[in-house]
Amino acid sequence: MTIDSAAMRSNIVGLALIAPLVIFLAFTFLVPLGRMLVLSVSDTELAAIMPRSVIALASWDGETLPDEEAFAAVAADLAAAREDRTAGTAARRLGYASAEWRTVLSSTARSLPDDASSITNWQDTLVSIEPAWGQAKIWHALAEARGPFTDIHVLTALGMDGGPDSGLYVNVLVRTFVIAISATAICLLLAMPAAYLLSSVSGPLAGLLMLTLLLPLWTSVLVRSTSWLVILQKNGILNQILMALRITNAPLDLIYNRTGVLIALTHVLLPYAVLPLYAAMKSLPKSQMQASRSLGGGPLSGFFRVYLPQVLPGLSAGGLMVFILALGYYITPLLLGGQGDQMLPFYIAYNTLQALNWGLAASLAGGLLIVTVILYLLYVRLVGVERVRV
Amino acid sequence: MTREQTPIVRFRGVTKTYNNFTAVQSLDLDIARGEFLTLLGPSGSGKTTTLMLLTGFETASSGTIEIDGKRIESLPAHKREIGVVFQNYALFPHMSAAENIAYPLRVRGMGRAEVEAEVARVLATVDLADKGHRRPGQLSGGQQQRVALARAMVFKPRLIVLDEPLGALDKNLREQMQEELRALHRQIGITMVFVTHDQSEALTLSDRIAVFNKGRIEQLDTPEGLYRDPCTTFVAGFIGENNLVPGRIEAVGSVSASIRLDNGRLVEADAPNRPLIGERAFLALRPERIAFAEVGDASAIPAKVKQCTYLGDCYRLDVEAEGIGLLKLKLSGTIPTPPVPGNMVQVKFSDRECRILADR
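Residues numbered from 1 in each chain as written. Chains lettered and ligands numbered in written order. Predicted model: local features only at pLDDT ≥ 70, side-chain atom pairs only at ≥ 80, totals over all residues. Heavy atoms only, no water.

Labelled according to an unreviewed UniProt entry, chain B appears under the name Spermidine/putrescine import ATP-binding protein PotA, originating from Devosia crocina. For chain B, the Function (unreviewed entry) comment in UniProt is given as "Part of the ABC transporter complex PotABCD involved in spermidine/putrescine import. Responsible for energy coupling to the transport system." (UniProt positions renumbered as here; feature names shortened; annotations may be inferred.)

An unreviewed UniProt entry annotates chain A as Putative spermidine/putrescine transport system permease protein originating from Devosia crocina. What UniProt states about chain A under its Sequence similarities (unreviewed entry) heading is, verbatim, "Belongs to the binding-protein-dependent transport system permease family. CysTW subfamily." Regarding chain A, the relevant UniProt record gives this comment under Subcellular location (unreviewed entry): "Cell membrane".

Draft legend 1. Molecular detail of the overall build of chain B. When its secondary structure is counted, chain B shows eight helices and 20 strands. Across its three principal axes, chain B shows a C-alpha extent of roughly 80 × 45 × 40 Å. A total of 360 residues make up chain B; the buried ones form 48% of that total. Considering only residue pairs separated by 6 or more positions, chain B has 66% of its internal contacts joining residues 24 or more positions apart. Summed over its atoms, the accessible surface of chain B is roughly 16800 Å², and 48% of this surface lies on carbon and sulfur atoms. Charge separation in chain B, taken as the distance between the mean sites of 45 positive and 44 negative side-chain charges, equals 4 Å. (Helix = DSSP H or I, 4+ residues; strand = E, 2+ residues; numbered from the N terminus. Buried < 20%, exposed > 50% of the residue type's maximum accessible area, 1.4 Å probe, protein only. Contact = heavy atoms within 4.5 Å. Areas by Shrake-Rupley, 256 points an atom, 1.4 Å probe, with all protein chains shown as cover. Lys, Arg positive; Asp, Glu negative; His and termini not counted. Charge placed at Lys NZ, Arg CZ, Asp CG, Glu CD.)

Draft legend 2. Seen up close, the overall build of chain A. On a plain count of helices and strands, chain A comes out with 19 helices and zero strands. On C-alpha atoms alone, chain A measures out to a radius of gyration of 30 Å, which is more than a quarter above the 21 Å that the 2.2 N^0.38 rule sets for 390 residues. Its C-alpha atoms give chain A principal-axis dimensions of about 100 × 85 × 35 Å. With 390 residues in all, chain A has 42% of them scored as buried. For chain A, contacts bridging at least 24 residues in sequence account for 72% of all contacts bridging at least 6. Just so you have it, chain A exposes about 21000 Å², and 67% of that area is on carbon and sulfur atoms. If the 23 positive side-chain charges of chain A are averaged to one point and the 23 negative ones to another, these points end up 26 Å apart. (Rg over C-alpha atoms; globule rule 2.2 N^0.38 Å.)

Draft legend 3. Highlighting the domain arrangement of chain B. Split by domain assignment, chain B resolves into domain 1 (7–229) and domain 2 (241–358). Its C-alpha centre places domain 1 of chain B at a distance of 39 Å from the equivalent point of domain 2 of chain B. (Domains from an automatic or database assignment.)

Draft legend 4. Just the UniProt feature "domain: ABC transporter" (unreviewed entry) in chain B, in detail. Look at the UniProt record and you will see "domain: ABC transporter" (unreviewed entry) annotated at residues 9–239 of chain B. The span residues 9–239 of chain B carries 36% helix and 26% strand; its end-to-end C-alpha distance comes to 25 Å.

Draft legend 5. Representation of the interface of chain A and chain B in the model. Listed as interface residues are 18 residues of chain A and, on the opposing side, 23 residues of chain B. Summed over both sides, the interface of chain A with chain B buries roughly 1700 Å², with 60% coming from carbon and sulfur. Of all residues in chain A, the largest losses of buried area upon contact with chain B belong to Ser294, Leu295 and Arg305 of chain A, amounting jointly to 37% of the total for that side. Where chain A touches chain B, the interface holds zero salt bridges. Applying the counting rule to chain A against chain B returns four residue pairs in polar contact (both at pLDDT 80 or more). At the level of secondary structure, the elements contributing two or more residues to the side of chain A that touches chain B comprise helix H15 (286–294) and helix H16 (299–327) of chain A. (Buried area = accessible area lost by both parts, 1.4 Å probe. Salt bridge = Lys/Arg side-chain N within 4 Å of Asp/Glu carboxyl O. Polar contact = N/O pair within 3.5 Å; in protein donor to acceptor, adjacent residues only side chain to side chain.)

Draft legend 6. Structural context of the packing of aromatic side chains. Residues and elements named next belong to chain A. Evaluated as defined, the whole model comprises 13 aromatic pairs over all chains. With a centroid separation of 4.7 Å and an interplanar angle of 70°, the aromatic rings of Phe71 and Trp139 are classed as edge-to-face. Here Phe71, found in helix H4 (residues 68–84), pairs with Trp139, found in helix H8 (residues 136–144); they are 68 residues apart in sequence, far enough to count as distant. Judged by its relative accessible area of 0%, Phe71 is buried. Relative accessible area serves as the criterion here: at 0%, Trp139 is assigned to the buried category. Here the aromatic rings of Phe346 and Tyr347 are separated by 5.1 Å at their centres, their planes lie at 90°, and the arrangement is edge-to-face. Each member of the pair, Phe346 as well as Tyr347, is classed as buried. (Phe/Tyr/Trp six-rings, centres within 6.5 Å; stacked < 30°, edge-to-face > 60°.)

Draft legend 7. Representation of the UniProt feature "domain: ABC transmembrane type-1" (unreviewed entry) in chain A within the structure. Taking the UniProt record as the reference, the feature "domain: ABC transmembrane type-1" (unreviewed entry) is found at residues 173–379 of chain A. Split by type, residues 173–379 of chain A is 78% helix and 0% strand. Its first and last C-alpha atoms lie 19 Å apart.

Draft legend 8. Main features of the UniProt feature "transmembrane region" (unreviewed entry) in chain A. Residues and elements named next belong to chain A. Within this structure's numbering, the places UniProt gives as "transmembrane region" (unreviewed entry) are residues 12–33, 177–198, 205–223, 261–280, 311–336 and 356–379. The distance from the first to the last C-alpha atom of residues 205–223 is 27 Å, and the span holds 68% helix and 0% strand. Secondary structure across residues 311–336 comprises 88% helix and 0% strand; the distance between its end C-alpha atoms is 33 Å.

Draft legend 9. Representation of the packing of helix H1 (residues 3–39) of chain A against helix H19 (residues 358–383) of chain A within the structure. Residues and elements named next belong to chain A. H19 packs onto H1 with a crossing angle of 120° between their chain directions and a minimal axis gap of 7 Å. Remark: the crossing between H1 and H19 carries left-handed chirality. Across the interface between the two elements, Leu33, Met36, Leu37 and Leu39 of H1 pack against Trp358, Gly359, Ala362, Ala365, Gly366 and Leu369 of H19. Looking at the contact of H1 with H19 residue by residue, the class counts come to eight nonpolar, two polar and no charged. (Axes fitted to C-alpha atoms, helices over the stretch in contact; angles between N-to-C directions. Left-handed = near helix turned anticlockwise from the far one by under 90°. Nonpolar A, V, L, I, M, F, W, Y, C, P; charged D, E, K, R; others polar.)

Draft legend 10. Fine view of the pattern of salt bridges. Residues and elements named next belong to chain B. A full pass over the atoms with the stated rule returns 26 salt bridges over all chains. The salt bridge involving Glu81 is made with Arg108; its shortest N-O contact spans 3.1 Å. Note that Glu81 is positioned in the loop between strand E5 (70–71) and strand E6 (82–85) and Arg108 in the loop between helix H2 (97–106) and helix H3 (112–125), a separation of 27 residues in sequence. When its relative accessible area of 26% is taken as the criterion, Glu81 is described as partly exposed. Overlapping salt bridges, with partners in common, bring together Arg10, Arg12 and Asp30 in one network.

Draft legend 11. Structural view of the pairing of strand E18 (residues 325–332) of chain B. All names here are of chain B. Pairing of strand E17 (residues 314–321) with E18, which is carried by eight bridges, proceeds in the antiparallel orientation. By the bridge assignment, Leu317 is partnered in E18 with Leu329. In this structure, the hairpin formed by E17 and E18 is closed by a connection of three residues, where Gly323 is found at a positive phi of approximately 75°. (Pairing = 2+ DSSP bridges.)

Have a look at this one:
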């Protein structure tokens, strides 16, 4: 066997060893991610339930009312949908454009006569059930919802759908970033002295301190957030202590507002800031600061010119980790925040589980993903990827 | 007494203890202005701790340290004006060589143009004028060493201390750097305090050497003085090589003593650390001071060659001398008949070449 073929063989063996991981990642990460991005623009619900209407409307000029054939197709589709119990789904889809179409569609489906054989003029029948059928607007909505792709969810997520509360999700996105940035800043400020302490002690004390840092990581986020509920509520432990010490007279509002969210979020994410910083500080030789001192550098010069630049990679890595994790936090704001403190993940969950508008949920998630990737790239550009070490 | 003659650094009764361990014990040490002083000793002997006390990275448990006649124990490290070259150089990896050298000037608030001029001047002194823009990681070990030196002297410190700065270099580079260090010392005339565990390096570089052992200075002398006249068995064994032949003290004079070796021979020689009559002590005997004897020499000792190594300029021999034990010998490389292991030879030494040292 030649050396080349031996090298090739060992390459193949190496690839075979990492193949399970690659396949696993592809199926658990890349495929769902792509599926989600497709979902945010795909629009096949209505076409599946109302196929006749979609075909009939294909030849519609869009200016006058559609012909009798289209009215008959809608009636036939809705009658069939009523039988299959899918009329609600079609109504919900049409409701994305405007909430009133949802009512129109479901009430029409409900009110259609059971025996359709006697009816000759479907236009009059539908208009008598819901006068909205006599105007072009609902037909436009139907035509736009025929699929297979739509921009309605993306426009809603971007606040460009023109509806009454169209800026909602842009505001939520801004709020999400404000909360994540605040939590990151607080975490880094608290992590600096903590990591320094950890890196400078040795022996059993170091082990104990490390344990107190890691212990919260091994506890469920739900449990930790709930504990903050107990501590921070109006008659909670903290308020009782503050009042007993006469620091305040009335209980402070520490919960169901931004304060509560930030306290709990900081607590949950602090270890992720401390650990990379700790690694960076631990690997910085003691002689670096001694050198600064021997050269006449006072504590401030030493810190800003020698220490900080060298632990910056750890600081960056910790900050990035906290920031990206904070963007995705859902349970903590839900438990400890008020109406105005819910972050984007809350609305993604709401649209997925409650509103069942998966397209919008996917658009929101995609938006969050894209903004995060842009921020990450910007950050790499500014700090340099080789400086992000853990 | 003029200012030039007062010591620049004065340790008086300085002790440093960590928990139960005494690193430095009641140390008295004067460092002369402009000298090259080496603190020499094995690891854990207290030499580095002494350095740390001088630079201010450690605080003495008791005693006083003066620089230029002023006590400095409570002066923080960054106000002591002592240049330090660290064991691993401790260059700042995120700054270029020039920025490293500029650092002590910048923190002193020196103007930009002035800093640049000084940095350029010092870079030229250490022969790195064209390497100023490089990061430490892009410089060779010897170049890093020179940057560290430049950085330690650019702010015109009162003295420069060097903590085993040549340890990481290979042999050739180390010898070259020793040369450069000596030349630099002559050139700028600044006081240098050098810490090493390498006795040959200490002999090469120093005006004076302080030999440390177990937290104390065993002997402080010039390289010649230490080699020729070691005052303790530790120094005799640490500086160069020595055979320590055991015996019992029979007589004690004002500077000399007589020792009865185990083969019955009585040797009279200088005894610097005052052995007592009847005490077990050692005769210190340099390997190069032992020679082969002519046939019929009455003072010769029969010995059996155990091992013989040819080193070009000399032969190194281990012989088993009758009634004395193992002796190391160093013979000229030009002797006509090289010794063969297993053969019997006659060895001799003269009393004048020996020293009697009590084991304390």
